[in-house]
Amino acid sequence: MAAVYKSLSKTTGKRDLEDGEKASGPRRNKQRVLILSSRGVTYRHRHLLNDLYSLLPHSRKDAKLDTKTKLYQLNELAELYNCNNVFFFEARKGKDLYLWMSKAPNGPTVKMHLQNLHTMEELHFTGNCLKGSRPILSFDASFESQPHLRVIKELLSHIFGVPKGARKTKPFVDHVMGFTIADGKIWIRCYQINETEPGKQKPLPEANGAPKTEAEAEEKPKKTGKNTDTNITLVEIGPRFVLTPIVILESSFGGPVIYENKEFVSPNQIRADLRRGKAGKYNARAEQGVDRKVKRGDLGLNTHGGRKAERDALDEKMLFA
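Residues numbered from 1 in each chain as written. Predicted model: local features only at pLDDT ≥ 70, side-chain atom pairs only at ≥ 80, totals over all residues. Heavy atoms only, no water.

Participant: Please clarify how the overall build of the protein should be interpreted in this entry.
Facilitator: Helix and strand counts for the protein stand at 8 helices and 13 strands. Buried positions account for 31% of the 321 residues belonging to the protein. Intrachain contacts of the protein at a sequence separation of at least 6 include 70% that bridge at least 24 residues. Roughly 22000 Å² of accessible area belongs to the protein as shown, and the carbon and sulfur atoms make up 52% of that amount. (Helix = DSSP H or I, 4+ residues; strand = E, 2+ residues; numbered from the N terminus. Buried < 20%, exposed > 50% of the residue type's maximum accessible area, 1.4 Å probe, protein only. Contact = heavy atoms within 4.5 Å. Areas by Shrake-Rupley, 256 points an atom, 1.4 Å probe, with all protein chains shown as cover.)

Participant: Which parts of the structure should I look at to understand the packing of aromatic side chains?
Facilitator: How two aromatic rings sit relative to each other is given by the distance of their centres and the angle of their planes. Counted according to the given criterion, the structure contains 6 aromatic pairs. Arranged with centres 4.8 Å apart and planes meeting at 15°, the rings of F139 and F179 form a pair that is stacked. A residue pair is termed long-range when its members are at least 10 positions apart, and F139 in strand β6 (residues 134-139) and F179 in strand β7 (residues 173-182) qualify at 40 residues. Judged by its relative accessible area of 1%, F179 falls in the buried class. By the ring-pair criterion, three or more aromatic residues cluster together here, those being F87, F89, F139, F143, F160 and F179. The ring of Y53 carries the charged tip of K61 above its face, separated from the ring centre by 5.1 Å. Across from the ring centre of Y98, 5.0 Å away, lies the NZ or CZ of K111, which sits over that ring. (Phe/Tyr/Trp six-rings, centres within 6.5 Å; stacked < 30°, edge-to-face > 60°. Lys NZ or Arg CZ within 6 Å of the ring centre and 35° of its normal.)

Participant: Help me understand the environment of Q146, please; the structure alone is not making it clear to me.
Facilitator: Position of Q146 relative to the elements: it lies in the loop between β6 and α5 (147-160). At 3.2 Å, the side chain of Q146 forms a polar contact with the side chain of H148. (Polar contact = N/O pair within 3.5 Å; in protein donor to acceptor, adjacent residues only side chain to side chain.)

Participant: Looking at this model, I keep getting lost on the side chain of S252. Mind explaining?
Facilitator: Residue position: S252 is located in the loop between β10 (240-251) and β11 (254-260). In terms of polar contacts, S252 uses its side chain to reach the side chain of N75, at 2.5 Å. Setting aside anything within four residues of it in sequence, one finds S252 in contact with N75, S102, K103, A104, P105, N106, G107 and T109.

Participant: Which parts of the structure should I look at to understand a positive patch on the surface?
Facilitator: On the surface, K131, R167, K168 and K170 cluster together to form a positively charged patch. Position of K131 among the secondary structure elements: in the loop between α4 (120-123) and β6. (Patch = residues over 30% accessible without salt bridge, like charges linked within 9 Å, V, L, I, M, F, W, Y side chains within 5 Å. Salt bridge = Lys/Arg side-chain N within 4 Å of Asp/Glu carboxyl O. Lys, Arg positive; Asp, Glu negative; His and termini not counted. Charge placed at Lys NZ, Arg CZ, Asp CG, Glu CD.)

Participant: Looking at this structure, how should I read the pattern of salt bridges?
Facilitator: Side-chain pairs of opposite charge can arise whenever the charged atoms involved come near each other. Using the criterion set out here, one finds 10 salt bridges in the structure. Measuring nitrogen to oxygen at the nearest pair gives 3.0 Å for the salt bridge that ties D96 to R271. Taken together, the residues D96 in strand β4 (residues 96-102) and R271 in helix α7 (residues 267-299) connect sequence positions 175 residues apart. Residue class for D96 comes out buried when judged on its relative accessible area of 6%. For R240, the salt bridge goes to E236, with nearest N and O atoms at 2.8 Å. One connected set of salt bridges, linked through shared partners, spans E144, R150 and K153.

Participant: Would you mind showing me how to read unusual backbone geometry here?
Facilitator: Most peptide bonds take the trans configuration, and most residues that are not glycine carry a negative phi. With an omega dihedral of 5°, the bond running from G107 to P108 counts as a cis peptide bond. Checked against the element boundaries, P108 lands in the loop between β4 and β5 (109-118). With an omega of -5°, the peptide bond running from G238 to P239 counts as cis. Turning to its location among the elements, P239 is positioned in the loop between β9 (231-236) and β10. If you check the backbone angles, N116 has positive phi at about 50° while not being a glycine. Relative accessible area serves as the criterion here: at 45%, N116 is assigned to the partly exposed category. With a phi close to 60°, D183 is a non-glycine residue in the positive phi region. Considering the arrangement of structural elements, one finds D183 in the loop between β7 and β8 (185-196). Exposure remark for D183: the relative accessible area of 72% places this residue in the exposed category.

Participant: I keep staring at helix α2 (residues 43-55) and nothing clicks. Help me out?
Facilitator: The α-helix winds at 3.6 residues per turn, so residues separated by three or four positions along the chain end up facing the same way. With 13 residues, α2 ought to run about 18 Å at 1.5 Å a step, and its terminal C-alpha atoms sit 19 Å apart, in line with that. When α2 is considered as a whole, its buried residues turn out to be H45, L48, L49, D51, L52 and L55. Within α2, the buried residues cover an arc of 160° as seen down the axis, which keeps them to one side. (Expected span 1.5 Å × (residues − 1). Arc of directions from axis to C-beta.)

Participant: Is there a simple way to explain the pairing of β10 in this structure?
Facilitator: If a strand is regular, its side chains alternate between the two faces of the sheet. By the criterion of burial, β10 is predominantly enclosed, with 9 of the 12 residues buried. Two elements, β5 and β10, share 8 bridges in a ladder whose sense is antiparallel. Looking across to β10, one finds that H118 is bridged to R240. The pairing of β8 with β10 spans 3 bridges and is classified as antiparallel. Across the sheet, the residue bridging to W187 is V242, located in β10. Across 4 bridges, β10 lies against β11 in antiparallel orientation. Residue pairing for β11: V247 is matched across the bridge by E260. In sequence, β10 turns back onto β11 through a hairpin of 2 residues, with F253 there showing a positive phi of about 55°. (Pairing = 2+ DSSP bridges.)

Listed below in structure tokens is the structure:
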């Protein structure tokens, strides 16, 4: 019994010490993202979801959600998978794609319209990055200009910023995620950090035309810094897409509206306006044709071979006279 008591006291002491160290130590950034979509997504939407899942090693992909109205169920799914961020794709009519970003379970929630979508398979870029590596997030200075943009920036940093020591992560930083604001939209790009050695430069002749000696030509420039022997360039990887903010809710998938984009026009309204414009042109041409026939009839110009055409017994004017 004494041996058992000593072993238990040692384990409890170690646990208390570890708890004390954790409480006094630095706070860890624990972020996990739940990625899923609704029913009705196309193959391009599905490929985008797979691309984002490969770029976010701290994410968890789930099956499609059956409902589009009861989005508060996503909070229960996030709690079930121990995720505090939700990245939800909502497809409408097989054409439009909306993106929901939420901080579960208390919020806020941002709804955005996703357009100009290009996946990695479509772009065929030469850039490539290590799977599981951590990115560098580059935000435009315009994100600090308005309060709603600050909220969006914070959500994007929590979702796309892979925390150090997360699951399936590797201790490398080899790509950059760029977020730029232009025309009221958020443009997202992904680049690889490419380091190359500079090529050997040929010795140049002097100003007076006299060539350099072999000893002078073979002299190498002395290294003055740490990164003087490499050239750093950015090569785009993909995917690329554009987000248009629509509304920001206070809580997770619900609550009062704290921001609404008054300039946003839904794609349904744009398509309806185009159809209405085409229908108006057709109706105008049809009315012109009817007016032309009536005018020619009043002037007696509806003749065949110099004589007035005989009215048919089935003519509308004879039937409904």
